[in-house]
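Summary of structural features
So you can see what is in the structure, the chains are spelled out below.
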Amino acid sequence: MRTLAVALDLLREAASRRWFLALGIGITLLLACFGLALRIEVVDGALAATRLFGKVLDTDIRSVDVAMRYVYRAVAYVIAYGGLLFGIVACADFAPSLLSPGRIEHLLALPVRRWELLAGTFLGVLVLALLGAVYGAGGLTLILSVKTGYWTARPILAALLASVTFAAIYGAMLASALLARSAAISAAVGVALFVSGIVAGNRETLAPLLEPGLRRALFEGATLLLPRVSTMADTAADLAASVPVDGLALGSRLAGLAVFALSALAFAIWRFEQRDF
Amino acid sequence: MRRVGWLLAAVILLGVAAWLMARGDRGKGKTAHDNIHFPRPRSRDDQRNARRRTLVLPPSPSATGPAVPQDPLMVALPNTPGGTTIVFEASAMRDSPIGQHMVDCLLGEREARELADAKRDFGVDVLEDVQRVGHSGPVTVVEGDFSEATWGRLAERWTPRPYGSSATLYAEPDRDQTIAVYGGQMVLFGEDAAEIEAAIDRLEGHLPPAPPAIPDWAMYGDVYGVIAVDTLVEFLQKDDDHGLADTFRNAVEQVELHVDTSDDVAIVADVVGPDKEAVGDLGKSLGAALSIARMRAQADGDERLADLLDLARISPRDGRFSLDLALPMDFLRKELGPCKRKDGGRAR
Amino acid sequence: MGYSSSVLALEATALSKTYGRFLGRGGQQALSGVDLAVPRGTAFGLIGLNGAGKTTFIKSLLGVVHPTAGRVSVLGGSPSDPAIRARIGYLPERLHLPHAWTPTAFLASVARLKGLSAHAQEVRRQLARVGLGNDAERRIGGFSKGMRQRLGLAAALLGSPDLLVLDEPSDGVDPLGRAAIRVMLGEERARGATLFLNSHLLSETERVCDRIGILSGGRLVREGELDALCGSSTRWRIRFTPGCPMAALVALGFVPVEGVADEPPIFSCEAADAPVLNELLDQARAAGALMVELRRDTRDLEEVLADAVADGPGAAA
């Protein structure tokens, strides 16, 4: 299927971009450094002592899996928020680059449907984001699991959750690139959606702060349509920390994010189909 | 037309997405641990303690400033270094799950009869009138509202004698038991009459002031006090697979205890000892024991206990450590044994 | 035009394109009612000044631009049909190439998107044809403009397309390279492919194409066979030795052509066929004129273009 071919080409292009490679190497070095510098004493399944770069860390003595939950919670937040922001900035250029003069005419003259080009770009970026998130989360989880003897895949689940959130944001970025072919504008749309998504995740708390009436109605209406970025980050952290999560609510949120992404993609395809290049 | 179809799809999908996300916007439900409150110093406790400082003792000759009001219960309880001093906030515990369980125990047929007798004979409703119960060394003090109580029936069996300006002592002839009624607010129990008399002397200011058995800053929680090391060692020796009892005896000087009973029982114990390293090692051993208990609970399928043991932790600080431990009511009921209500029903 | 659609490589009927319209009004008209039919197997050259609408026309053929009005048919179908585009090879004027990729990787990517299976051999073949066989594993970022152009041509040739649409194919290529490209295009024509060229290098267009179309102001002002547009089948140009009897020659119907000083005089004449031409030459020799050069009287494409642009819309030759 040509959508997959377009996606694979995007991944090849990303791999050929030196700074992606540099980032991958950087993350690997950080993980290796962290792994070598961290010493954890586990006595009968309890986290007895922790040393980082030779310095003893003030940690409570408790079951190692319980102690690790706080670490994994922090990791999940870093991946969710930090990973999202990084993904927005790093991937902002792919769609504008696709539409650049000389490239888009060539691609459109090939036997590839317009929607396949967009869908392939979208898919390629998602896979890239997923690989990055899983690599970071997986690497850290592996190090901590080896050190503590407590093996869990939950932080990787959290990374998957963050990737679904990124899908929603990138869908909007892709659509914006069709309206204005600019990596800067695409990134700005992504950041704006990221911030407003944090607000949307707290809409039930924030709405009562507004006076009842038009303002509150507008706020509730606008945030109803936005992806709940902060809610998903909290859920990712809860998952990583082995806190029970309402499965139905989570499923609904995930489905909502996925459908939001599809909606943005459909809008982008509509715009793409009628546009001249 | 096909192009418009994409726009239509985008709008419809956005609507569906909004609906799905709204469905997922359930308020954050209470987690299993929301009802666990580990006792920590709170201003509410400070205010409660301040309200209780109603006893104004005559100033000592060497005192320079005005007399500071004292808590009469703390004055009555003797200071027994190395011993156990503990206070139960009965009024707070009465409505707690553990309190209800203990009430159910008290409402067993025999116990219910005894409580009814106490009310009939002395005008004291044990479940309503008692506010605090303190124990230190040989003396147990029950503080409450006994203004309506009558002690005539007590005098029929026990030999009364007045003591001090407000107290009456009752001694049981065949047993080493002394009961003292102090004013309308305190009843003291003990085996040693001299200790009971000393408590009354302290209340009336006849003895020089002594440091309270429990300092003000340590009076928080529904149960609080200091546990004697020997008492704890005895408790630990029951199921001691790790030699903890011996380590305790050798390393620990004092264990300060605080308990919250508002829902599942939450315990905080501060452990101090002269040898920082020994105390540190004890903390690690305890941490390991808790971890094993948690694994055992998980293996036995006791999810609630395992869940609460998630919260168990040892926090080492400068050669001492504090232990946080939460115990589910089901576990406590099992340990304390079932109780029957007066009407024959099982305990809650 | 008299062609059936089965023999046409492409056909445009009343093709118009206006950019920047708002609610159906205003905008800039790039194409205005262009009618064009290009038979299969021909080599068609589209020429015109900058801004004439050539690129817009080419993009309309490929579905890159949506016509405002009119119809376009390519290889018997619509350019929006991927199956039709699979049979087209396109070289855009400014092809964007990924700097960090090798030619092999780039062509393999194009081959995959064209749906070509087992494309490795085809990729190697086309790279060798365009003279990049030895640079197959070099990064494209280090290529010269000519090398990049040849790589783009290789991409267009992948899969032996039925229609080659080439926008400035020789741009930046050295003369020998251009010659090589002409050979390749000839091979493609011999295979049966139709060529559609847009080039500012009119000399290259003259050498490659046998049909020409001239766009001016969005209109097709001239269209037809190259010979018909540039020359006359009955007009001849003859050079006589110096000192020839001018009056006698003029009387015979020879028209003097402005020549270069110190050069033998040049005349043109009309002769419907070879016997008439030879009769005229016999009469000139009888009058004492000696012929040293004889050829058909044609104009170069530049002159044709200049005339077409100056004249504005007119009947095709």
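Residues numbered from 1 in each chain as written. Chains lettered and ligands numbered in written order. Predicted model: local features only at pLDDT ≥ 70, side-chain atom pairs only at ≥ 80, totals over all residues. Heavy atoms only, no water.

This part takes up the overall build of chain C. The helix and strand tally for chain C stands at 11 helices and 13 strands. Its C-alpha atoms put chain C at 70 × 55 × 35 Å along the principal axes. Here chain C holds 317 residues, and the buried ones make up 48% of them. Counted over contacts in chain C with a minimum sequence separation of 6, partners at least 24 positions apart contribute 70%. By element, 52% of the accessible surface of chain C is carried by carbon and sulfur atoms, the whole surface being about 14300 Å². The averaged location of the 34 negative side-chain charges in chain C is 10 Å from the averaged location of its 35 positive side-chain charges. (Helix = DSSP H or I, 4+ residues; strand = E, 2+ residues; numbered from the N terminus. Buried < 20%, exposed > 50% of the residue type's maximum accessible area, 1.4 Å probe, protein only. Contact = heavy atoms within 4.5 Å. Areas by Shrake-Rupley, 256 points an atom, 1.4 Å probe, with all protein chains shown as cover. Lys, Arg positive; Asp, Glu negative; His and termini not counted. Charge placed at Lys NZ, Arg CZ, Asp CG, Glu CD.)

Within the largest apolar cluster, 153 residues are counted, with the highest numbers of intra-cluster contacts made by Tyr170 of chain A together with Leu36, Phe57, Phe106 and Phe196 of chain C. Examining the composition of this core, we find that 15 residues originate from one element, helix 7 (residues 154-179) of chain A, more than from any other. Contacts of Phe57 of chain C, omitting those with residues within four sequence positions, involve Ala12, Leu15, Leu31, Val34, Leu36, Leu46, Phe196 and Leu215 of chain C. Counting residues in hydrophobic clusters, the runner-up holds 36 residues, among them Ile86, Ile267, Ala269 and Ala312 of chain B. (Core = buried A, V, L, I, M, F, W, Y, C linked by side-chain atoms within 4.5 Å.)

A few words now on the pattern of salt bridges. Scanning all chains against the criterion turns up 34 salt bridges over all chains. Close ionic contact of Arg53 of chain B with Asp216 of chain B constitutes a salt bridge, the shortest N to O distance being 3.4 Å. Of this pair, Arg53 of chain B sits in the loop between helix 2 (43-52) and helix 3 (72-76) while Asp216 of chain B sits in the loop between helix 9 (193-203) and strand 8 (223-227); the two residues are 163 residues apart in sequence, bridging distant segments of the chain. A salt bridge links Lys145 of chain C to Asp171 of chain C; the nearest nitrogen and oxygen atoms lie 3.3 Å apart. Residue Lys145 of chain C is located in helix 5 (residues 145-157), and its partner Asp171 of chain C is located in the loop between strand 6 (163-167) and helix 6 (175-191); the two are separated by 26 residues in the primary sequence. Taking the relative accessible area as the measure of exposure, Lys145 of chain C reaches 45% and is therefore partly exposed. Looking at Asp171 of chain C, the relative accessible area reads 30%, which means it is partly exposed. Residues participating in the shared-partner salt-bridge network are Asp45, Arg48, Arg52 and Glu89 of chain B. (Salt bridge = Lys/Arg side-chain N within 4 Å of Asp/Glu carboxyl O.)

In this section: the interface of chain C and chain A. Contacts between the two partners involve 27 residues from chain C, matched on the other side by 27 residues from chain A. At the boundary of chain C with chain A, total buried surface from both sides reaches about 2300 Å², with 57% on carbon and sulfur atoms. Arg112 of chain C is paired through a salt bridge with Asp9 of chain A; the nearest N and O atoms lie 3.2 Å apart. At the junction of chain C and chain A, the tally comes to 15 residue pairs in polar contact (both at pLDDT 80 or more). Of all the secondary structure elements, the ones that give two or more residues to the side of chain C that touches chain A are strand 1 (8-19), helix 1 (54-62), helix 2 (82-85) and helix 3 (103-113) of chain C. Per-element accounting of the side of chain C that touches chain A gives the leading share, five residues, to helix 3 of chain C. (Buried area = accessible area lost by both parts, 1.4 Å probe. Polar contact = N/O pair within 3.5 Å; in protein donor to acceptor, adjacent residues only side chain to side chain.)

Taken together, the contact pairs 36 residues of chain B with 42 residues of chain A. Around 3400 Å² of area is buried between chain B and chain A when both sides are counted, 59% of it from carbon and sulfur atoms. Of all residues in chain B, Trp6, Met21 and Asp25 of chain B bury the most surface against chain A, accounting for 20% of the area lost on that side. For the interface between chain B and chain A, the tally reads two salt bridges. Put simply, Asp25 of chain B and Arg228 of chain A hold a salt bridge, and the shortest N to O gap is 2.8 Å.

Here the focus is the side chain of His66 of chain C. With respect to the secondary-structure elements, His66 of chain C resides in the loop between helix 1 and strand 4 (69-74). A distance of 2.8 Å separates a polar side-chain atom of His66 of chain C from the backbone oxygen of Glu273 of chain A. Those residues within four positions of His66 of chain C in sequence are excluded, and the remaining contacts are Arg114, Glu273, Gln274, Arg275 and Asp276 of chain A, Arg3 of chain B together with Lys17 of chain C.

In a beta sheet, neighbouring strands are held together by backbone hydrogen bonds and run either parallel or antiparallel to one another. Residue and element names in this part refer to chain C. With antiparallel pairing, three strands are arranged side by side in an open sheet as 2-1-4. Two strands in the sheet have a free side with no partner beyond their single neighbour: strand 2 (28-39) and strand 4. Between one strand axis and the next, the sheet turns through 20 degrees on average, direction left out of account. Sheet topology note: the strand 1/strand 4 ladder contains five bridges and is antiparallel. The partner of Thr13 across the bridge, within strand 4, is Arg71. (Pairing = 2+ DSSP bridges. Axes fitted to C-alpha atoms, helices over the stretch in contact; angles between N-to-C directions.)

A word on the confidence of the model for chain C. Looking at chain C, pLDDT values average 87 and 94% of them are 70 or higher. Interface confidence for the predicted complex, given as ipTM, is 0.87, next to a pTM of 0.71. (pLDDT = per-residue confidence, 0-100.)

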